[in-house]
Amino acid sequence: MTQAAVSELDERVPGRRWTVRLDAAGRGSAAVRISCSRPACADQRHPSATAGRAAAIAHLKAHLRAAPAPRAGAYCACRAEGCHTHLSDTGRHARTEPWRCGGPVVLAVIADRGGRWWQAMECCSRCAAATSGAKTAATSQAPKAADRPAVVTGTDVPQFSDHQVAAGPVPAPRSAPARRRRPQTKIAQRVIPHDLRPVALRDELIELGDLFRAYQQRDEPDLALLADLQERKARAFTTWADVSGIMSLRLEARRAEQAAAAARLQHQQRTGGITGGITVDDGPTVARLLTVATQWEHARSVLAHVTDHAPLPEPEARLLVLMLTLRTAHTGTGNLVGQDLTALGLTDPEDLVTKLTGCGWLELPGTAGDLLASRPENPTPITVPSLAPREDGTGPFTFGKKMRPKLSGWAQKVISDKKLRKTKATAGTRLLALTLATQTDASGRLGPDGHGIALNALTAWVPVDTGELKHLVDQLTAADWLTDAHLTDARLTGQLTDRVLPLSCPLQASGARPSE
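The structure reproduced in this document is the subject of the present report.

Here is what the cut-offs are and how they apply
Residues numbered from 1 in each chain as written. Predicted model: local features only at pLDDT ≥ 70, side-chain atom pairs only at ≥ 80, totals over all residues. Heavy atoms only, no water. Buried < 20%, exposed > 50% of the residue type's maximum accessible area, 1.4 Å probe, protein only. Helix = DSSP H or I, 4+ residues; strand = E, 2+ residues; numbered from the N terminus. Pairing = 2+ DSSP bridges. Core = buried A, V, L, I, M, F, W, Y, C linked by side-chain atoms within 4.5 Å. Contact = heavy atoms within 4.5 Å. 1 Å grid on protein atoms, 1.4 Å probe; cavity = no way out; pocket = protein on both sides within 12 Å on 5 of 7 lines; lining within 4 Å. Points joined across faces, edges and corners; volume = space filled by probe spheres on them. Axes fitted to C-alpha atoms, helices over the stretch in contact; angles between N-to-C directions. Salt bridge = Lys/Arg side-chain N within 4 Å of Asp/Glu carboxyl O. Expected span 1.5 Å × (residues − 1). Parallel < 35°, antiparallel > 145°, perpendicular 65-115°, else oblique. Left-handed = near helix turned anticlockwise from the far one by under 90°. Nonpolar A, V, L, I, M, F, W, Y, C, P; charged D, E, K, R; others polar.

1. Here we look at the pairing of strand S3 (residues 32-36)
In terms of burial, S3 is a largely internal element, four of the five residues being buried. Two strands pair when backbone bridges link them, and strand S2 (residues 17-24) and S3 are joined in this way by five bridges, in the antiparallel orientation. The residue of S3 that forms the bridge with Ala24 is Val32.

2. Focus on the nonpolar core
Residues Leu320, Leu362, Trp410, Leu432, Leu436 and Trp481 are the most contacted members of the largest nonpolar core, which totals 70 residues. The element contributing the most residues to this core is helix H8 (residues 315-328), with eight residues. Each residue touching Leu320, except ones within four places of it in the same chain, is listed here: Leu341, Leu344, Leu346, Leu352, Val353 and Leu356. One finds Leu208, Tyr215, Ala236 and Leu249 within the second-largest nonpolar core, a separate group that totals 18 residues.

3. A few points about empty space enclosed by the protein
Rolled over the atoms, a probe with the dimensions of a water molecule shows which regions are left empty. What the rule picks out here adds up to four cavities of 30 Å³ or more. The space that makes up the largest cavity amounts to roughly 70 Å³. Residue lining of the largest cavity: Leu320, Met323, Leu324, Arg327, Leu336, Asp340, Leu341, Leu344 and Gln412, and that is the complete set. At four residues, H8 tops the list of elements feeding residues into the lining of the largest cavity.

4. Observations regarding the environment of Glu204
Secondary-structure assignment places Glu204 in helix H4 (residues 199-216). A C-alpha to C-alpha distance of 8.8 Å links Glu204 and Arg232, two positions 28 residues apart in sequence. Discounting chain neighbours no more than four positions away, the residues touching Glu204 are Arg232 and Ala236.

5. Quick word on the sheet that holds strand S6 (residues 105-111)
In space, the six strands of this open sheet follow the order S4-S3-S2-S7-S6-S8, with antiparallel pairing throughout. The open sheet is flanked by strand S4 (44-46) and strand S8 (135-139), the only strands paired with a single partner. Direction aside, the axes of adjacent strands within the sheet are offset by 20 degrees on average. Of the strands in this sheet, S2, S3, S4, S6, strand S7 (117-124) and S8 are in contact with helix H2 (residues 49-66), which crosses S2 at around 170 degrees.

6. Regarding the pattern of salt bridges
Two side chains of opposite charge can pair, provided their charged atoms sit close to one another. In total, this model carries 22 salt bridges according to the counting rule given. The salt bridge involving Arg16 is made with Glu122; its shortest N-O contact spans 2.9 Å. Taken together, the residues Arg16 in the loop between strand S1 (13-14) and S2 and Glu122 in strand S7 connect sequence positions 106 residues apart. Exposure remark for Arg16: the relative accessible area of 17% places this residue in the buried category. What makes Glu122 buried here is its relative accessible area of 0%. A salt bridge links Asp441 to Arg445, with the shortest nitrogen-to-oxygen separation between them at 2.8 Å. Judged by its relative accessible area of 8%, Asp441 falls in the buried class. Using a relative accessible area of 34% as the deciding quantity, one classes Arg445 as partly exposed.

7. Some details on helix H7 (residues 293-309)
Since one α-helical turn is 3.6 residues long, residues separated by three or four positions face the same way. For H7, spanning 17 residues, the distance from its first C-alpha to its last is 24 Å, which sits close to the expected 24 Å at 1.5 Å a residue. Of the residues making up H7, those classed as buried are Ala293, Gln295, Trp296, His298, Ala299, Arg300, Val302, Leu303, His305 and Val306.

8. Considerations on the sheet that holds strand S15 (residues 453-454)
Here we have three strands laid out as an open sheet, ordered S15-S17-S16, and antiparallel in their pairing. The two strands at the open ends of the sheet, each matched to only one other strand, are S15 and strand S16 (482-487). Both S15 and strand S17 (residues 491-496) contribute to a ladder of two bridges, which runs antiparallel. Looking at S17, one finds that Ile453 is bridged to Leu492. Here helix H16 (residues 466-478) sits on the sheet and contacts S16 and S17; the angle it forms with S16, its principal contact strand, is near 165 degrees.

9. Comments concerning the packing of H4 against helix H5 (residues 223-244)
Running from N to C, H4 and H5 cross one another at 150 degrees; their axes reach a closest spacing of 10 Å. Between H4 and H5, the angle is such that the two are roughly antiparallel. As for the relative orientation of H4 and H5, their crossing is left-handed in sense. Between H4 and H5, the residues in contact are Leu201, Glu204, Leu205, Glu207, Leu208, Leu211, Phe212 and Tyr215 and Leu223, Leu225, Leu226, Leu229, Gln230, Arg232, Lys233, Ala236, Phe237, Thr239, Trp240 and Val243, respectively. Residue classes in the contact of H4 with H5 are distributed as 14 nonpolar, two polar and four charged.

10. Overview of the layout of surface pockets
What the largest pocket holds in volume is close to 360 Å³. Ile57, Leu60, Lys61, Leu64, Val109, Ala111, Asp112, Trp118, Gly133, Lys135, Thr136 and Ala137 together form the lining of the largest pocket. The biggest single contributor to the lining of the largest pocket is H2, with four residues. Its residues placed into classes, the lining of the largest pocket shows seven nonpolar, two polar and three charged.

By themselves these figures say nothing about function.
Listed below in C-alpha cells is the structure:
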C-alpha cells in the first residue's frame, strides 16, 4: 500500500522553487550583487548591502505577486533536500514517506538569518510548518464543485432490515464553528491584556509597541527618537505596574529609564551637545572622530604619559615618542614603515631613531636606516619595553586593544592634516596641534570652559620656550587651525576653526573660571 502511494506521489508534478541571493560584488568594495535562479532574471548591482537587501526583497515580492497560485497537484519542492519531513534512502525505506506530508499545497518563503538569500518554494502545509522560519505567502485553492465526487444518493446506500434509508441526497456533516481568538498585541515581548484599564494606558502601550517595531525597521538609527520612546515606555510601564501590581513591570520601567538616559547621552556626545556629561547649549553640532568622553580621556592620558616618560626633551623627539606609544600601547610591540616617520616633519628621523634605540627606549631588529627603508609590504617590527604588560597583565594604560587603533588613527589624522602638510609645518607645530585638540571646550575654545591654557602647562606638553611657542601658534593660524589666538605671559587663548573641530577632544566643563 505504501509503494502504491509512493508511485502516486512520484506521478505528481514537482513543486516550483527559486532563490534570490545577495553576494559581494568584489574585494575591497561595499557594492553587492543580486542574482535570481530564474533564467529570465539578470543580475543586479547595488552600492551597499542595505540597498541590495531592500532590492532583493522587492525582487522576491515581485515574483510572488506575479507567480500563479500554488498547484494542488504538486509535491513538495523540499523533498529532494532531505528536509525534516522527508527521510533519506537507507536501503530499507523508500526515499519519501507520504504519510509525513499533508494539508494543502502552499507557497512558502524561507529567508537566511544573515540576510544573504531568500527562497520561495511549493510544498505542503505540514512541511512549511516544520521548516524553521518559513512563512506562507499563498495557499492552493480547494477543488471546484465540478471536480468534487458525485453526491451519494439513497439508492446507492446499503439497505438494512432494521431501518429504512430515505431516498435523496445525504446532507454533509455540519462543521463546528471556528473559534475566533482575539488578536494579541505585544510590547517588549509582553502581551497587552485586552481588558487592561484604563483604556488610555492600553492605547499608549499598543502605540508604543508599533513605534518600537517601526524603529527597528529603520535603515539609520535616531538616538534622540529612541530616547523619547524609552522615556514614554518607562512612564507607561510604571503606570501598568501600579494598576496590576506586577513587580517585573516596574523593573522593566527602570531599564527603560536607563536606556533612555544612555541613548540621550550618546546622541549628545555624537552631536557635540555635551562634554563630559555637561550640556553645552551654545555649542556647535559636531560629528567628532572620537565620539565619546571616555575616548577623549584616553587620548589625554597618552599625552600625559608621554610628557612624564619621554626619554628625550626635544619637541621632535616628543612627537615621535607619542606616535610610537600610540602604535605599541597595548602590548609594547607594533609594526612601522619608513613612511610613518617621514610624514612627521622631522628634521633628521634616522638620527632621532638612533638616539631612542641608544637609550634603550626603543628596540629594533636592525638599524634605523633599515626602518626608514622598510615599505608597507615588509614592515619593521618594533618594541617599546616600558609599554609591555607587567606580570599581572596590567600596563600603563587602561584602554583595550580595540581602543588603541582608534586613538592612533585620530593622532595620525591630526598630524597629517592637509593644510599642515601644505604649509610644511614642523614637528613642534604638529605636536602643538595634537595638544590643543585635547584642551578645548565643546565649541572649540581653548582651555577649560574656554578661558585659555596656562602657559606653564602648555610648555610642559610642548617643550619649547615662549618665543618658539609664538612661532608655532602663528603656523597653526596660517594653517587654518587657530583663530583669534592671543599669547600672553600667563596663558594662550583662542578658538579652533570649524574645519578641525571634528578632531577635538572636549574637556569637562567645570563651571568655574580659572585664576589669572
